[in-house]
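# Summary of structural features
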Amino acid sequence: MSPQVYEFHLPLSPEELLKSGGVNQYVVQEIRDTVKLKSVSFQAAFRAQGPLAMLEHFDTIYSILHHFRSIDPGLKEDTLEFLIKVVSRHSQELPPILDDAGLSGSDRHAHLNALKMNCYALIRLMESFETMSSQTSLVDLELGGKGKRARVKAAHGFDWEEERQPILQLLTQLLQLDIRHLWNHSVIEEEFVSLVTGCCYRLLENPTIGHQRNRPTREALTRLLGVALARYNHMLSATVRIVQMLQHFEHLAPVLVVAVRQWAADCGMKSIVGEIVREIGQKCPQELSRDPSGAKGFAAFLTELAEHIPAILMSSMCILLDHLDGENYMMRNAVLAAMAEMILQVLNGDQLEEAARDTRDQFLDTLQAHGHDVNSFVRSRVLQLFTRIVQQKVNSLLPNKDALPLTRFQAVVNLAVGRLADKSVLVCKNAIQLLASFLANNPFSCKLSDTDLAGPLQKETQKLQELRAQRRTAAASTALDPEEEWEAMLPELTSTLQQLLKLPQGEEDVPEEIASTETAEEVTGRIHRLLAKASYKQAIILTREAAGLFRECEPFSHMDPEEPEETRFLNLLGTVFKRPAASTQKNPQGSAGNMGPGQTDCKDKPNVSEPEKSRGNDELVKQEMLVQYLQDAYSFSLKITEAIGIISKMMYENTTTVVQEVIEFFVMVFQFGVPQALFGVRRMLPLIWSKEPGVREAVLNAYRQLYLSPKGDSARMQSELQSHTDLNKVCEFVQKDELKPAVTQLLWERATEKVPCSPLERCSSVMLLGMMARGKPEIVGSNLDTLLSIGLDEKLPQDYRLAQQVCHAIANISDSRKQPSLGKRHSPFRLPQEHRLFEQLRDMITKGFVHPDPLWIPFKQVAVTLIYQLAEGPEVICAQILQGCAKQALEKLEEQSLTQKDPKGALMLPTFLLLNLLSLAGDVALQQLVHLEQANASSETTIEEEMGLVGATADDMEAELIRSICEKELLDGKQMLAAFVPLLLKVCNNPGLYSSPELSAAASLALGKFCMISATFCDSQLRLLFTMLEKSPLPIVRSNLMIATGDLAIRFPNLVDPWTPHLYARLRDPAQQVRKTAGLVMTHLILKDMVKVKGQVSEMAVLLIDPAPQITALAKNFFNELSHKGNAIYNLLPDIISRLQLLSYITKDKQTESLVEKLCQRFRTARTERQYRDLAYCMSQLPLTERGLRKMLDNFDCFGDKLSDESIFSAFLSTVGKLRRGAKPEGKAIIDEFEQKLRTCHTRGLDAIEELEIGQGGSQIASSARKQSTVSRQHQHPVSAASDDDFVTPKPRRTTRRHPNTQQRISKKKPRIVFSSDESSEEELSAEMTEEETPKKTTPIRRASTRRPRP
């Protein structure tokens, strides 16, 4: 076919070129095989004919495209290179051809066919290379990233990614020519534009197009599409393709945003933004909710587009508002983010026009409204956007560019505080960040103490009220009396009236019209203002008009027709002018429209000059602004204070990021001087022991920021660390040399009073120095004599608080547990008995013994501990101290006997002396025990290291010797400690005689310490201990004894184990302090496996609903830790589920099925309707499966007779509803059967189920009456009749016991299900016990049941 005859039609698919579709349409004549292709030379034809050579050799190029997958890579590369040369040559030759007005039709037709063939061949070859490259990339994903470029080069023979950009640039150069003249009527065909742009879109679909290495390709694609948009009317097609690609390719959003921004900015194609947004806005929100991938692409595109060109996008925002009501949260987030960007970049500042201000306010209203969105991701995103808006003040370099108006400040703060209670952790975290941003960028003050702001606010408010009162007084004093003014204007007014009356009505020069909407009251006001301005003529004319129009309205209705007309008008005008001002100034705007040129709306004040009025007004306005500023600052401070209380409760959340945000928030609040922030700063101290490294590091960084690198006086701030610090933190700071020497120097100066300070600050300085000694012992070790002179001198009165901290500081020098450098082979650091330290300690203890100072007791305890820690032979020193104190007590008794007149009267030792003596004896006893055990441990370590005899007989002998000393010698009559035992027991056994609360507390604590020494002594006094624990009226005594018995349970577990129920009983103590102590003790004992977890653990569950938040938190922590110990909670649930549900810890299906069976059986032992309902509710909360339902059906008889209760029936019916929602077809039959049984039993009773089973041919018939009688039988617990004597060990009394045979006969009649929690009774927990009831070492407490056998 001759090149001049045919016409090349761009095909939709390559196969179309093989078929003839019309007259003169080009058709490929032959597809050559690969062998012939190799021998074809392209260069000769190209050199001879130029770009038009394609007209004769297109079949060859088509054959190469057809066999592209199978031909040699070298041929592919040569073909690509050839086509690039052809197109490049053609683009160079076309400009003069296009400009040639005399170009023949055949030449134009030839160049048009050549252009289309060349472009088609190049673009199809380019797409083939791209397809193969994409397939290679998929292989790379499977094989890994190594050697990727080598595999690509092996597949193509060259690096294809480097070849794409020149081809795109060549096509761009070609399209920039005025090639439309090659077509008829200069209208380029759409297929050609689609051919060129289609390859661009296919390149964009490559997932790697967004990588940095492909940036030149992206830029070339953008320029090529930009030319198509600007010159070839590609707007509509581009819009459709972009929206389609966004919906199907997530990686394209940022790439297309950059392209659209360049088209809008550089190519002037701003309309494409509106077209794309319109297409997205018209997407159905319901469809997007079902297409999360497409919604994600649209959302990312809109968000980034708003960041780059918010001003252009703002005109199309109304199209997107429908998506705010859609179900897809990503689209809502995108629209809200676009609004925020427009507020930040376009609608900010104070100089906005009214329309822009209204738009900004609408956007802010929308953002605030979606702060309460149903989706937590939207609420979180709103808070993030507000955080950016609040931070705009810092980031903006221009003045008055605040994105958030001050009028919105308080509303957004309220939103953030409200979101702190959100159930989503992410929302809470972002709410904390928003409040922190508010603090950092607040326009009020760097110090936001509400107490500091309240005073100035009240003062300035009072000043404002005084200014307003002065202004009102001045206005009243300068105003003339209406009567006087009327008399002054009457002559002139009369003259004007007389002149006007001579003229006919309607011929006045200045007519006054009354609007149809004006009332008589408004017209009266206009007349009054005209008279006040001396516009008498206008006032008279308006009065004449009003008199005719409002004849029946006040004040025009009082005109007497018999009076002369002049008199009538004067009287009427006088009445109007003398009326109160309030009735004549209701419509001041109405008068403004009736004022002539040069007239003013205000009346001159004769006694006040204009400058004075202006100054007064300015002062009043300034004062009002000041009061408003202080009011806003005060309100903001109150909100921050409210937020502190909420955020402080999040400090112990399980989410690490939330805890870190809370810590950072309190650091910022503390820096802004909010007083309540100190509570949070102190509360974060225990987090130093957190299991999360991120939390621990956040705490350390917080204290570094607050005290080690603060703004201002660094040394002063670091010294303030003493008020709320932690030993571990200070040790770490010291070991890392983060505390400067100036801090240590300042602390020593305060401790030695070289720098004036309060006694509390001096004590705190010593405490900090002691903490620093744990990290660097030389800080205190080199100044030991200085410390002794500071706190242990002979000054009177003694400062026992300071002396106590001095002892702590000295003890930190030699604490071997914190000194790994000493190693195991080093013996403990000891000082001789004659050392000055022990002499001063002995003197302070003995001299302070006779003085009633409450601080002496804690000092004495620390001092005794220090003596046993540092002294060689500490028992000798403490024996001397005991002897000295006892001697002083006896001397007091002798003095009393000499001064007492009645020789037969009882001698009474002062209570505080007896208290001090017993407390000292208890401390010495406990420290002596600790000293012996430490000596034993040290001896064992030495033997192991020196002789290698691990577990040798020598170790056992040493330990047995220590135990023998504790058992037989320490409390033997020959030892000094034994001398205090009778006195101690007498005080404990006679609380009526020794009624001092402090003495009772000290005696009980000392008794617990003495019991720690000897198992024999402990066994003999356990009854007394538990009697006091149960019956003491003093919470402090019960709390102390709870701690003591907990220690005894660890030291002598076999002795205390039978008394375990009495330990659990303290969890129900009426005193909050005792419940908290009991909770701590039982948590420690149970988690350390020192106490068996029995049915009484339900008492711990009750603490979950304790009114005290601290106890509730303690109980939650207990069950959280217990849930990590295998199936512990699961095994306990049947016993405690009727008291409190812990179902959230049950996650395994097998556990659920077994629990269903146990709960069904529990219906038989329940006693009240409330228990039935609780059990039914708990079963309805379980995540049941089909197997669990079968378990429930198997045990239907257990609860069938309870279904007549509506609440119980509803609970089981809700279980059926939950099962139906996810049931499989084969499981619906059993669900229907269960529901039928439920409804039948609910309406007709359990007998109806038996009838139903009989009707169905059931072989087993249950006896309803027998089951009913069995279930209704209940336990009966007698009320304890124990007397309340003075804690004297009760005398034995006989108890009624049931004969074993009787119990066996009853059990044969009907087996009873028994749970461990059912075995206890109120009588069992009574502390007043008989000899028979006293537990033995090997037998647990088990009372015989008091139920009488049935006859």
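Worth saying up front: this structure is predicted, and the values here are computed from it rather than measured. (Residues numbered from 1 in each chain as written. Predicted model: local features only at pLDDT ≥ 70, side-chain atom pairs only at ≥ 80, totals over all residues. Heavy atoms only, no water.)

This part takes up the overall build of the chain. A tally of regular secondary structure across the chain gives 64 helices and 0 strands. With 1351 residues in all, the chain has 47% of them scored as buried. Residue pairs in contact within the chain that sit at least 24 positions apart in sequence constitute 73% of those at least 6 positions apart. Looking at the chain as shown, the accessible area adds up to about 67,900 Å², and 51% of this sits on carbon and sulfur atoms. (Helix = DSSP H or I, 4+ residues; strand = E, 2+ residues; numbered from the N terminus. Buried < 20%, exposed > 50% of the residue type's maximum accessible area, 1.4 Å probe, protein only. Contact = heavy atoms within 4.5 Å. Areas by Shrake-Rupley, 256 points an atom, 1.4 Å probe, with all protein chains shown as cover.)

Next up on the list: the nonpolar core. Residues I179, F301 and F859 are the most contacted members of the largest nonpolar core, which totals 302 residues. Ranked by residues supplied to this core, first place goes to helix 5 (residues 105-143) with 14 residues. Leave out the neighbours within four places in its chain, and F859 touches L792, Y800, A803, Q804, C807, L841, M844 and I845. If you look at the next biggest cluster of nonpolar residues, it comprises 30 residues, including F1196, V1216, I1230 and L1238. (Core = buried A, V, L, I, M, F, W, Y, C linked by side-chain atoms within 4.5 Å.)

Here we come to the packing of helix 10 (residues 235-248) against helix 11 (residues 252-265). Relative to each other, helix 10 and helix 11 sit at 155 degrees, their axes nearing to 10 Å. Between helix 10 and helix 11, the angle falls in the class roughly antiparallel. Helix 10 and helix 11 meet at a crossing whose hand is left-handed. Contacts between helix 10 and helix 11 involve I242, M245 and L246 from the first element and L252, A253, L256 and W263 from the second. Each residue belonging to the contact of helix 10 with helix 11 can be placed in one class, and the counts come to 7 nonpolar, no polar and no charged. (Axes fitted to C-alpha atoms, helices over the stretch in contact; angles between N-to-C directions. Parallel < 35°, antiparallel > 145°, perpendicular 65-115°, else oblique. Left-handed = near helix turned anticlockwise from the far one by under 90°. Nonpolar A, V, L, I, M, F, W, Y, C, P; charged D, E, K, R; others polar.)

Even without being a glycine, N233 presents a positive backbone phi close to 55 degrees. For E753, which is not a glycine, the phi torsion comes out positive at approximately 65 degrees. Considering the arrangement of structural elements, one finds E753 in the loop between helix 36 (741-751) and helix 37 (759-775). Taking the relative accessible area as the measure of exposure, E753 reaches 47% and is therefore partly exposed.

This next bit is on a negative patch on the surface. Taken together, the side chains of E834, E839, D843 and E872 present a region of like negative charge at the surface. With respect to the secondary-structure elements, E834 resides in the loop between helix 40 (800-811) and helix 41 (836-848). Judged by relative accessible area, E834 falls into the exposed class, the value being 59%. (Patch = residues over 30% accessible without salt bridge, like charges linked within 9 Å, V, L, I, M, F, W, Y side chains within 5 Å. Salt bridge = Lys/Arg side-chain N within 4 Å of Asp/Glu carboxyl O. Lys, Arg positive; Asp, Glu negative; His and termini not counted. Charge placed at Lys NZ, Arg CZ, Asp CG, Glu CD.)

Evaluation of the coordinates by the stated rule reveals 38 salt bridges. We note a salt bridge from R278 to E275, for which the minimum N-O separation is 3.2 Å. With a gap of 3 residues between them, R278 and E275 both fall in helix 12 (residues 271-281), about one helical turn apart. Looking at R278, the relative accessible area reads 33%, which means it is partly exposed.

When pLDDT drops low, the exact placement of atoms in the prediction is not to be read closely. Averaged over every residue, the pLDDT of the chain is 77; the share at 70 or more is 76%. Scored below 50 in pLDDT, residues 816-825 makes 9 contacts in the model with residues more than four places away or belonging to other chains. (pLDDT = per-residue confidence, 0-100.)

Attention shifts here to the environment of E969. Tracing the backbone through its elements, the reader meets E969 in helix 45 (residues 953-969). The residues contacting E969, other than those within four sequence positions of it, are S964 and Q975.

This part covers the side chain of T1240. Relative to the assigned elements, T1240 resides in helix 61 (residues 1228-1244). Polar side-chain contacts of T1240 include one of 2.7 Å to the backbone oxygen of Q1236. (Polar contact = N/O pair within 3.5 Å; in protein donor to acceptor, adjacent residues only side chain to side chain.)

At a closest axis distance of 11 Å, the pairing of helix 18 (residues 354-369) and helix 21 (residues 406-419) adopts a crossing angle of 15 degrees. The angle between helix 18 and helix 21 falls in the class roughly parallel. Of the two elements, helix 18 crosses helix 21, and the hand of that crossing is left-handed. Contacts between helix 18 and helix 21 pair D361, L364, D365 and Q368 from the former with R408, A411, V412 and L415 from the latter. Residues of the contact of helix 18 with helix 21, tallied by class, amount to 4 nonpolar, 1 polar and 3 charged.

Here the focus is the environment of F733. Looking at where F733 falls in the secondary structure, it is placed in helix 35 (residues 727-735). In this structure F733 comes out as buried when scored by relative accessible area, which is 0%. In this structure, the C-alpha to C-alpha distance between F733 and R704, residues 29 residues apart in sequence, is 8.6 Å.

In this structure the tally under the stated criterion is 23 aromatic pairs. Plain terms: the ring middles of Y26 and F58 are 5.7 Å apart, the flat faces sit at 85 degrees to each other, and that makes the pair edge-to-face. A residue pair is termed long-range when its members are at least 10 positions apart, and Y26 in the segment before helix 1 (34-39) and F58 in helix 3 (residues 54-66) qualify at 32 residues. The pair formed by Y26 and F58 is uniform in burial state, with each residue classed as buried. Consider the rings of F68 and F129, whose centres lie 5.0 Å apart with planes at 85 degrees: the pair is edge-to-face. Taken together, the positions of F68 in the loop between helix 3 and helix 4 (73-99) and F129 in helix 5 put the pair 61 residues apart, joining distant regions of the chain. An aromatic cluster is defined as three or more aromatic residues linked by ring pairs; in this entry it consists of F1163, Y1172, F1196, F1199, F1212 and F1234. In this structure, K76 packs its charged tip against the face of F68, placed 4.5 Å from the ring centre. Of note, K1202 hangs over the ring of Y1172, and the distance from its end group to the ring centre comes to 4.9 Å. (Phe/Tyr/Trp six-rings, centres within 6.5 Å; stacked < 30°, edge-to-face > 60°. Lys NZ or Arg CZ within 6 Å of the ring centre and 35° of its normal.)

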